[in-house]
Structure formats: structure tokens, C-alpha cells
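# What the coordinates show
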Amino acid sequence: MGSGQSRSKVHCNRYLNGQGPPSLVEQANDGVNGGYGAMNGCQPEGQMTWVILHRDLPGFPDDNTLQLNYIFPDGTQRDEHPHPGQPYAGLRLCAYLPDNREGRKILKLLDKAFNQQLLFTVATNKDGEDMVTTASIPLKTQPDGGNRVDGYPDSDYLKTVRKLLKDKGIE
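Residues numbered from 1 in each chain as written. Predicted model: local features only at pLDDT ≥ 70, side-chain atom pairs only at ≥ 80, totals over all residues. Heavy atoms only, no water.

## Topic: unusual backbone geometry
The residue after Tyr 152, namely Pro 153, is reached through a cis peptide bond having omega 5 degrees. With respect to the helices and strands, Pro 153 occurs in the loop between strand 7 (130-134) and helix 4 (157-167). Not every positive phi belongs to a glycine, and Gln 117 is a case in point at roughly 65 degrees. With respect to the secondary-structure elements, Gln 117 resides in the loop between helix 3 (101-115) and strand 6 (120-124). For Gln 117, a relative accessible area of 26% translates into the label partly exposed. Here the phi dihedral of Asp 150 falls at roughly 55 degrees; this positive angle occurs in a residue that is not glycine. (Helix = DSSP H or I, 4+ residues; strand = E, 2+ residues; numbered from the N terminus. Buried < 20%, exposed > 50% of the residue type's maximum accessible area, 1.4 Å probe, protein only.)

Here it is, written out as C-alpha cells:
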């Protein structure tokens with residue numbers, strides 16, 4: 001680490017090399033996010049809400065859809081972010097889960113992770129701009145289109161997210 005950098009900054013910035021986080025399978029199998037006990041992250045101030053959509057997701061033909069809404073206004077970076085005191089761009093993002101027993105369990109876990117500031121962080125994009133982005137827990141941001149666009153169908157997604165959250169102490 002260079003002078004003036006802390007370990008918490010490395011944690012928040014570890015995926016800023018333009019490559020993004022490891023794939024879901026790599027994260028689940030390699031324990032990249034492994035740890036014991038509940039953790040707290042470096043997520044900026046934001047809001048999480050959810051609604052039920054009366055449509056199904058690919059792979060879940062008998063279930064409605066839970067749409068999770070995340071809103072982060074523009075803000076000023078704190079000490080644990082890449083450039084404390086500097087502005088960052090906010091984010092509006094929707095994520096999707098099936099409205100079934102497992103989807104509802106994952107919703108509760110994601111809500112807990114959000115409240116522990118683990119789902120989002122401030123990072124520098126490839127253009128050098130600081131902005132809110134997802135951290136190490138993947139979200140399905142498209143209701144369809146498959147894995148290549150963070151959508152459904154993805155038969156392993158719920159199981160993988162549950163494991164990644166458990167590795168962060170969210171159960």
C-alpha cells in the first residue's frame with residue numbers, strides 16, 4: 001500500500017482495475033469473500049425499497065417478481081472511500097428476485113446486507129470518475145437475458161448469493 005492508504009480503502013477499491021469482481025462461481029468456490037462474523041462495509045447513504053411485479057422471471061414461471069429498488073444520491077466521499085472529501089455520482093438501480101419462498105429469504109438477507117453497508121461502495125470508473133457501484137454481492141439487474149447480462153434464467157443465482165452473504169456473516 002502507498003503512503004496515506006489504509007486497509008479499508010483497499011477493501012473498497014479492490015475491483016477498480018477495470019476487470020470487476022470474480023464470477024459468481026469463483027467467489028462461491030474460492031471463498032474470496034470468506035470471513036467470520038458479521039461485517040460492515042463502506043456503502044454510502046442510500047435507500048432500498050421493493051415491490052411485487054405481476055410477471056414471472058425466466059426459470060420461475062409460477063412466481064411473481066420482486067423488484068428491489070436502490071437509490072443513492074450524489075454525495076461526498078468519507079474516509080473509507082477512494083478520495084475522501086471529493087464528490088461521487090449517485091446510482092439508481094433495480095434488481096430482481098422470484099417472489100417465492102427462497103426469493104423472499106434472499107430478499108431478507110439482502111436487506112440485512114444493505115443495512116450493514118455491504119452491497120454497494122464508491123469506486124473510480126475507467127474514466128476516472130468516482131461513483132456508487134455494486135460491491136462483492138452480485139445482483140440480477142435484468143429480469144431476463146441470462147447470465148451474460150446479469151439476468152434470468154440463472155438456476156444457481158439464489159444458492160450462490162446465499163453462500164456469498166453467509167461468507168459475509170449474513171444469515
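## Here we look at the nonpolar core
By size, the foremost hydrophobic cluster in this structure holds 33 residues, and its most contacted members are Leu 68, Tyr 70, Leu 97, Leu 110 and Phe 120. Residue assignment for this core shows that the elements contributing at least two residues are strand 2 (64-72), strand 5 (91-99), helix 3, strand 6 and helix 4. Broken down by element, the residue count for this core peaks at six residues, all from helix 3. (Core = buried A, V, L, I, M, F, W, Y, C linked by side-chain atoms within 4.5 Å.)

## Thoughts on the packing of aromatic side chains
Within this structure, the stated rule accounts for six aromatic pairs. Consider the rings of Phe 72 and Phe 114, whose centres lie 6.0 Å apart with planes at 50 degrees: the pair is tilted. Residue Phe 72 is found in strand 2, and its partner Phe 114 is found in helix 3; the two are separated by 42 residues along the sequence. A relative accessible area of 2% means that Phe 72 is categorised as buried. We classify Phe 114 as buried; its relative accessible area is 7%. (Phe/Tyr/Trp six-rings, centres within 6.5 Å; stacked < 30°, edge-to-face > 60°.)

## Looking at the side chain of Gln 43
Mapped onto the secondary structure, Gln 43 falls in the loop between helix 2 (24-30) and strand 1 (47-53). Looking at Gln 43, the relative accessible area reads 2%, which means it is buried. Only 3.2 Å separates the side chain of Gln 43 from the backbone nitrogen of Leu 119, close enough to count as a polar contact. (Polar contact = N/O pair within 3.5 Å; in protein donor to acceptor, adjacent residues only side chain to side chain.)

## Considering the sheet that holds strand 2
Read from one edge of the open sheet, three strands run 1-2-5, paired in antiparallel fashion. Unpaired on one side and paired on the other, strand 1 and strand 5 mark the two borders of the sheet. Sheet twist, expressed as the average angle between the axes of neighbouring strands with direction ignored, equals 20 degrees. Where strand 1 meets strand 2, seven bridges bridge the pair, whose relative direction is antiparallel. (Pairing = 2+ DSSP bridges. Axes fitted to C-alpha atoms, helices over the stretch in contact; angles between N-to-C directions.)

## As for the environment of Asn 40
Inspection of the secondary structure puts Asn 40 in the loop between helix 2 and strand 1. Separated by 77 residues in the primary sequence, Asn 40 and Gln 117 have C-alpha atoms spaced 5.8 Å apart.

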